Amino acid sequence: DLYRWVQYGPNGLEARAVTDAPSCPTVTIDGHAATMRQRSAPGEHYPVRGCATPIPATAKLVTMNGIPLPLPKPRAERILIMGDTGCRLKGADRAQACHDMREWPFRLGAAMSADFKPDLVIHVGDMHYRETPCPENNLGCAGSPYGDTWQVWKEDFFDPGQSLLSAAPWVMVRGNHEECGRGGIGWARTLDPYPYDQKSGRDGCLGPQQPYKVDLGGLTLLVMDVSTADEPRVNEQQVAFFRPQFELAYKISTPVWYVFHRPIWAAENLRKGTPEGDNKTLAAAAKGYMPKNAQAILSGHHHVFEVMKYENDLPVQIVSGHGGDDLSRNAPNPIVGLEVNGEKVVAGTSAPGIFGFSMIEREASDRSGTKWTITGYDLRGRAFATCRMEERNISCK
């Protein structure tokens, strides 16, 4: 096995690899050999090693074992968003047919979206879903691995996602399924943008880290780890942790997109007419502490495509969690007029029941980083919803 990709982190761009070979692969940067450091050694349930090496911003050609790696453009024009891609195995009542591409289509979605040739891929979290054994006599998932093991990470993410991993640089966002008590050890060993230390935390898995910035040429991503943020109640200790992170956008001169897993004012379903799925802790931390240049929030967590503008002056919320796991078929549609935790949606769109991915494309004439088109695609590459976004305003069809 050898999986290779390029991802952003707090120290810039890195070449990453996971291999079962005795040593890390060979990397060449602009004709010069570079040594990949061993990020994580083989261990219990993980008979593979993780490898990493920094890529200078000036690099023009980077190869791994002679194969070119995707490098970023000076100005990202086409940004692909995908989330919640793993195959759910959670007890007898929640067992997805992992062997049926119609029921779990992440492999198809990865291949189709790679064909769109994005400049950047943002996975908004929840790659690991196989937590319990496949129920007895269930042929749809029979023999599937489960738990926080390499075999699950390989089946849930690395094997089906190979074509997209090699298509563009990535931003990896931690979801609640990558918490330390779920799939967090595999996350820490392979995808975590921060350094791995097996002696820290739980086998190297740590709690939420500080955010980091990604410069996309006139636009800045502020990537946050909200994997553990309490949803049904305000957790004051977490509010104190997250509020300064939202305020970091005040120090950034370009337009800012917050990128994190759990949306703030969005609904996954309606219970007796009341929207469910908002995050009360993040709402308390964010409202009143996001500057005007904070244009959008990119999230997953809800297994649906949604775009929302609010009556109050808040960033546009984009949800793209329809990448493979069981869909949120009861998500509210239409979404305009809905009030979520005190915030009224005045423009936007919702498309429950469709597997797919999202593209956010910069308008050709835009030099300010404020004019974009958001498109939801199904797994055949057909657009089913389009919104134009300018600063905090949207118009959808």
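Preceding block: the structure.
Note that the structure is a prediction, hence the values are computed from the model and not measured.

Draft legend 1. View of empty space enclosed by the protein. Using the criterion set out here, one finds 3 cavities of 30 Å³ or more in the structure. Each pocket or cavity is described by its volume, and for the largest cavity that value is around 140 Å³. Forming the walls of the largest cavity are 14 residues, and the residues nearest its centre are Arg 174, Pro 193, Tyr 194, Tyr 212 and Asp 225. Grouping the amino acids of the lining of the largest cavity by side-chain chemistry returns 9 nonpolar, 2 polar and 3 charged.

Draft legend 2. Spatial organisation of the side chain of Ser 144. Structurally, Ser 144 can be placed in the loop between strand S10 (120-123) and helix H2 (150-158). Judged by its relative accessible area of 9%, Ser 144 falls in the buried class. In this view, Ser 144 contacts Leu 89 and Arg 130; residues no more than four positions away in its chain are not counted.

Draft legend 3. Inspection of the packing of aromatic side chains at higher detail. This structure, assessed with the given rule, holds 18 aromatic pairs. Here Phe 157 and Trp 170 contribute two aromatic rings whose centre-to-centre distance is 5.9 Å and whose plane-to-plane angle is 90°, an arrangement assigned as edge-to-face. Of the two residues, Phe 157 sits in helix H2 while Trp 170 sits in strand S11 (residues 170-172), which places them 13 residues apart along the sequence. Comparing Phe 157 with Trp 170, the two get one shared label, buried. Where Phe 246 meets Phe 260, the ring centres are 5.9 Å apart and the plane angle is 90°; that geometry is what we call edge-to-face.

Draft legend 4. Spatial organisation of the sheet that holds strand S3 (residues 27-29). Pairing is antiparallel in the open sheet, where 4 strands are placed in the order S4-S3-S7-S8. Each edge of the open sheet carries a strand with a single partner, namely strand S4 (32-34) and strand S8 (67-68). As defined by bridge partners, S3 adjoins strand S7 (residues 62-64) across 3 bridges and the pair is classed as antiparallel. The partner of Val 27 across the bridge, within S7, is Met 64.

Draft legend 5. A look at the state of the cysteines. Applying the stated criterion across every chain yields a total of 5 disulfides. A sulfur-sulfur separation of 2.1 Å characterises the disulfide bridge that pairs Cys 24 with Cys 51. Looking along the S-S bond of the Cys 24-Cys 51 disulfide, the torsion reads about -85°, which is the left-handed sense. Taken together, the residues span a long stretch of sequence, with Cys 24 in the loop between strand S2 (12-19) and S3 and Cys 51 in strand S6 (residues 49-55) at a distance of 27 residues. For the residue pair Cys 24 and Cys 51, the accessibility class agrees, reading buried in each case. Through a disulfide, Cys 87 is tied to Cys 98; the S-S separation comes to 2.1 Å. Across the S-S bond linking Cys 87 and Cys 98, the dihedral sits near -95°, which makes this disulfide left-handed. Taken together, the residues Cys 87 in the loop between strand S9 (78-82) and helix H1 (106-114) and Cys 98 in the loop between S9 and H1 connect sequence positions 11 residues apart. Its relative accessible area of 0% is what places Cys 87 among the buried residues. Assigning the bonded cysteines of the protein chain consecutive numbers by sequence position, one obtains the connectivity 1-2, 3-4, 5-6, 7-8, 9-10.

Draft legend 6. Geometry of the sheet that holds strand S18 (residues 305-310). Here we have 8 strands laid out as an open sheet, ordered S12-S13-S14-S17-S19-S18-S21-S20, and mixed in their pairing. Two strands in the sheet have a free side with no partner beyond their single neighbour: strand S12 (212-215) and strand S20 (339-340). One ladder, built from 4 bridges, connects strand S17 (residues 294-299) with strand S19 (residues 316-320); its direction is parallel. Its bridge partner being in S19, Ala 296 is matched across the sheet by Val 316.

The rules we used
- Residues numbered from 1 in each chain as written.
- Predicted model: local features only at pLDDT ≥ 70, side-chain atom pairs only at ≥ 80, totals over all residues.
- Heavy atoms only, no water.
- 1 Å grid on protein atoms, 1.4 Å probe; cavity = no way out; pocket = protein on both sides within 12 Å on 5 of 7 lines; lining within 4 Å.
- Points joined across faces, edges and corners; volume = space filled by probe spheres on them.
- Nonpolar A, V, L, I, M, F, W, Y, C, P; charged D, E, K, R; others polar.
- Helix = DSSP H or I, 4+ residues; strand = E, 2+ residues; numbered from the N terminus.
- Buried < 20%, exposed > 50% of the residue type's maximum accessible area, 1.4 Å probe, protein only.
- Contact = heavy atoms within 4.5 Å.
- Phe/Tyr/Trp six-rings, centres within 6.5 Å; stacked < 30°, edge-to-face > 60°.
- Pairing = 2+ DSSP bridges.
- Disulfide = S-S within 2.5 Å.

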